[in-house]
Amino acid sequence: MVRSLIDIATLSVDEISALTNCAEDIISNPAKYAHLCNGKKLATMFFEPSTRTRLSFEAAMYEHGGSVLTMADSASSSAAKGESVADTVRTVSCYADIIAMRHPKEGAPLVASMNADVPIINSGDGGHNHPTQTLADLLTIKREKGRFDSLTIGFCGDLKFGRTVHSLITAMARYENVKFVLISPVELKLPGYIRKDVIVKNNLEYVQTTDLEAVMPELDILYMTRVQRERFFNEEDYLRLKDSYILTPEKLRDAKPDLCIMHPLPRVNEISVAIDSDPRACYFKQVLNGKYMRMALILMLLGIKP
Ligand code: NCD
């Protein structure tokens, strides 16, 4: 069976290092990578909205000299006629060498990987996982902090439905002396299965709180997130919770001078635009790092050596 990327836990710590090293080499020597995917095709199958993830996969493939087939809108695909994910992916794997898939159903990319003979990249499955955003986040942490160990990371906002949070916690749980500070409204706490199976099982230090300002001074990284409106069962709950945390310059008063402020984007209200010019704001750097890591990942899954 070909190798896919469905869950970040299936990449070893050594493989993460190899991917970040490859991404840094792409940044330093772009010309070396310009033709490595000549004649190869990436298909993007996005059954949910996306700006960064889809376009960065497409940009990544073009920068390798490859080409792209896009099934951007599920409403205009045969999914609208009732076709199964398995049949759709079998079809697309006749045309493409690698597929990036986003789907509102948890597990859909896993099902796809069991039915395709080309690599499938999970580009977000419901409120579950988002491993390639984690690759973007990891390269950002490496470039900003120079290490993955001995960091205190605050995750703030929608920790229940925020799939980028789930995947980044899973990835960071493997490094030494990492501490998690989980900041959310009670209703949007980290799911118990991640807290127990990932954090507690690995004996990692963590705290849960509703108070962002109280924990601000101890954070090395602050990972803000959007309240995931599309996962709520009723609009009233969303409206009540959506502005639970809004990061403003005043709230950074007691933050470390070298805090790294991250956000997977899109931002709605969680970070005031007044913070964008603060040197600690790293969220647009994450976007660019995501393209380099997707370039590295495409090479790895296609078995292409630079
Ligand atoms: C995230 C996602 O889709 O989960 N966006 C992204 O891919 N950068 C975060 C979000 O939508 O809030």
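Residues numbered from 1 in each chain as written. Predicted model: local features only at pLDDT ≥ 70, side-chain atom pairs only at ≥ 80, totals over all residues. Heavy atoms only, no water.

Q: How should the site of the ligand be read in this particular structure?
A: Near the ligand you find Thr53, Arg102, His130, Gln133, Arg163, Thr164, Arg226, Gln228, Pro264, Leu265 and Pro266, and these make up its full shell. Within the side chain of Thr53, an N or O atom sits 2.9 Å from an oxygen atom of the ligand. A distance of 2.8 Å separates an oxygen atom of the ligand from a polar atom in the side chain of Gln228. Look at the ligand: alone it shows 310 Å² of surface, and the protein chains cover 93% of it. (Near = heavy atom within 4 Å. Polar contact = N/O pair within 3.5 Å; in protein donor to acceptor, adjacent residues only side chain to side chain. Areas by Shrake-Rupley, 256 points an atom, 1.4 Å probe, with all protein chains shown as cover.)

Q: Help me understand helix α7 (residues 192-200), please; the structure alone is not making it clear to me.
A: Structural remark: α-helix, 3.6 residues per turn; residues separated by three or four positions point the same way. All of the buried residues along α7 are Ile194, Val198 and Ile199. Buried residues of α7, viewed axially, fall in a sector of 80°; they line one side. Those residues of α7 that are buried lie in contact with α6 (163-172), β6 (179-183) and β7 (205-209). (Buried < 20%, exposed > 50% of the residue type's maximum accessible area, 1.4 Å probe, protein only. Helix = DSSP H or I, 4+ residues; strand = E, 2+ residues; numbered from the N terminus. Arc of directions from axis to C-beta. Contact = heavy atoms within 4.5 Å.)

Q: Can you walk me through the sheet that holds strand β5 (residues 152-156) in this structure?
A: Hydrogen bonds between backbone groups are what pair the strands of a sheet, and the pairing can be parallel or antiparallel. What the 5 strands build is an open sheet, ordered β7-β6-β5-β8-β9; its pairing is parallel. Strands at the two margins of the open sheet, each flanked by one partner only, are β7 and β9 (260-262). Taking the axes of each pair of neighbouring strands and ignoring which way they run, one obtains an average angle of 15° across the sheet. In this structure, β5 lies alongside strand β8 (residues 221-224), joined through 4 bridges in parallel fashion. Each residue of the ladder has a partner; that of Ile153, found in β8, is Ile221. Where helix α5 (residues 131-145) meets the sheet, its contacts fall on β8 and β9, and the angle it forms with β9 comes to roughly 165°. (Pairing = 2+ DSSP bridges. Axes fitted to C-alpha atoms, helices over the stretch in contact; angles between N-to-C directions.)

Q: Explanation requested: the sheet that holds strand β3 (residues 98-103) in the structure shown.
A: Read across the open sheet, the 4 strands follow the order β2-β1-β3-β4; overall the sheet is parallel. The open sheet has two free edges, formed respectively by β2 (67-71) and β4 (120-125), since each of these has just one partner strand. Strand-to-strand twist across the sheet, computed as the mean angle between neighbouring axes with direction ignored, equals 15°. Note: strand β1 (residues 41-46) against β3, 5 bridges, orientation parallel. Considered in β3, the bridge of Phe46 is made with Arg102. Here helix α3 (residues 85-92) sits on the sheet in contact with β1, β3 and β4, set at roughly 155° to β3.

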